[in-house]
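# Descriptive structure summary
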Amino acid sequence: MKVGIIDYGVGNLGSVARALEALRATPVLIERPVDMHLNDCLILPGVGSFTDCARLLDQGGWTDAIKQEVRAFSRPLLGICVGMQLLADFGTEGAIDGDPRGTPGLGFVPGSVDHLSTLGCTLRLPHVGWNEITRGETPDNLFDGISDGTDFYFTHSYAFAATDPSDVIATTDYGVPVTVAVRRGHVWGTQFHPEKSSRAGFRLLANFLAGPQC
Amino acid sequence: MLKVRVIPTLLWKNFGLVKGIGFDSWRRVGPVLPAIKVYNQREVDELVLVDITLCGTDETPDYESIADFGQDCFVPLAVGGGIVNIEQVRRLLRAGADKVTVNTAAYTTPSLVGDIAARFGVQCVVASIDVRCEGNGVWRTYSNAGSVPTGREVIEWARELEDRGAGEILLTSIERDGTMEGYDLPLIEAVAAAVKIPVIASGGAGNYRHMVDAVIQAGASAVAAASIFHYTEQTPAGAKAALAEAGIPIRQTFSAPALEI
């Protein structure tokens with residue numbers, strides 16, 4: 001299976017590719033939007049800041065191309081960390097004055113991305129380290145075989161605030177409930193890093209690869 | 001609940017891992033790759049890998065070696081040593097690093113920490129601070145692998161790095177490093193109280209009790225250690241068991257027989 005990793009200039013691409021190889025998939029670093037269609041599914045990685053990443057997506061011609069790939073060709077997409085945040089309508093990290101809602105994202109999962117402190121978190125930030133997840137009320141196959149209480153690796157200061165609670169498929173507790181995985185249709189996102197969450201993350205990535213659409 | 005991390009520190013010089021005492025008297029402790037493989041298999045919470053040959057030189061990071069080291073590392077890998085610009089960070093992230101540690105260049109290129117944070121997010125920058133105690137609750141920082149006094153007082157420097165965009169502080173006591181006599185608890189406590197970002201205690205761990213103390217007494221978010229794992233029978237798993245015994249939340253390992261790594 002060919003898994004396209006969108007290389008828009010940020011992200012721990014090496015780590016994502018390694019994890020996929022270990023799962024016997026074939027990772028392909030995609031450096032041009034035109035090459036996206038050659039893959040069975042797509043991963044939007046992320047180690048970055050929302051506005052910078054959104055700008056890089058725009059400048060590279062990725063934004064419209066990803067929307068087309070996902071909407072018109074139903075290509076399954078997994079966003080990781082900032083890659084998940086970019087699935088939202090808006091993000092406030094690094095936003096330049098203008099729209100108070102922030103910088104536009106890809107708009108696949110309705111919602112916005114805000115600093116954890118504005119979401120009520122008073123603990124030390126960034127939220128970095130291993131934290132346990134609780135799955136949402138509707139079971140999602142991304143978490144098959146992964147029980148509540150499983151620890152994943154997080155490192156972030158901003159978090160997803162989904163408009164529709166049914167899009168939230170997992171949360172964690174960091175002083176406040178934090179949305180850590182979302183899904184709408186064949187678009188998934190995880191705030192934690194499955195590629196760096198050892199065996200638990202492998203299981204999750206295997207679930208994504210095994211998904212009926214992928 | 002967020003778990004307290006146990007982080008083996010791997011210092012890398014030329015072709016192998018080394019460990020010193022007080023940032024000096026380096027001893028070889030083995031090759032890098034097998035160490036990373038073993039730590040990965042044992043599911044340590046995170047690894048810090050610092051290339052100490054590069055500090056203060058003009059050489060670029062050894063991306064190829066980092067790519068080799070990252071090949072079998074499926075826990076977070078922080079990479080440091082000689083990083084002076086954000087293009088190096090981009091290449092390290094491509095090679096397999098998940099975040100970087102910056103030390104000397106934070107003094108010589110004040111904009112670097114902020115530049116990395118702006119491009120890759122604050123969570124990508126671990127500010128490494130090496131410190132000596134001057135007595136009376138005053139600690140001063142050193143650059144270039146502990147060899148050059150900067151004149152900076154640690155609290156003020158830690159706050160400055162936090163303001164610039166550091167996501168974590170790796171705080172090492174030069175005097176305690178390699179001694180296995182315990183962390184400098186007042187130092188960790190003072191810095192952890194002064195900043196809102198996580199502080200990783202480093203330098204001096206010799207037994208599990210030292211790690212418990214760093215967390216409970218001094219408020220460390222994570223504990224880094226090297227000698228204890230290189231030279232004694234104590235292990236990261238043992239450390240986590242001891243932390244758990246003391247009531248500290250630690251990560252549970254995930255069992256997935258079909259997904260051996």
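That block above? That's the structure.
These numbers come from a predicted model, not from an experiment.

### Some points on the environment of B:Pro61
Residue and element names in this part refer to chain B. Relative to the assigned elements, Pro61 resides in the loop between strand S4 (47-51) and helix H2 (63-70). Taking the C-alpha atoms as reference points, Pro61 and Arg91, 30 residues apart in sequence, are found 9.1 Å from one another. With sequence-adjacent residues up to four places away left out, Pro61 is seen in contact with Leu54, Gln88 and Leu92.

### Looking at unusual backbone geometry
With an omega dihedral of 0°, the bond running from A:Leu125 to A:Pro126 counts as a cis peptide bond. Within the secondary structure layout, A:Pro126 lies in the loop between strand S7 (111-115) and strand S8 (127-132). The phi dihedral of B:Asn136 is positive, around 55°, even though this residue is not glycine. With respect to the helices, strands and loops of the structure, B:Asn136 is situated in the loop between strand S7 (125-135) and strand S8 (138-143).

### Concerning the packing of H2(B) against helix H3 (residues 86-95) of chain B
Residue and element names in this part refer to chain B. Contact pair H2 / H3: the axes reach a minimum separation of 8 Å and the direction vectors enclose 35°. Crossing of H2 over H3 shows right-handed handedness. Facing H2, whose interface residues are Tyr63, Ile66 and Ala67, H3 presents Gln88, Arg91, Leu92 and Ala95. The residue inventory of the contact of H2 with H3, partitioned by class, reads 5 nonpolar, 1 polar and 1 charged.

Reading guide: rules and limits
Residues numbered from 1 in each chain as written. Chains lettered and ligands numbered in written order. Predicted model: local features only at pLDDT ≥ 70, side-chain atom pairs only at ≥ 80, totals over all residues. Heavy atoms only, no water. Helix = DSSP H or I, 4+ residues; strand = E, 2+ residues; numbered from the N terminus. Contact = heavy atoms within 4.5 Å. Axes fitted to C-alpha atoms, helices over the stretch in contact; angles between N-to-C directions. Left-handed = near helix turned anticlockwise from the far one by under 90°. Nonpolar A, V, L, I, M, F, W, Y, C, P; charged D, E, K, R; others polar.

All we've got here are geometric facts, nothing functional implied.
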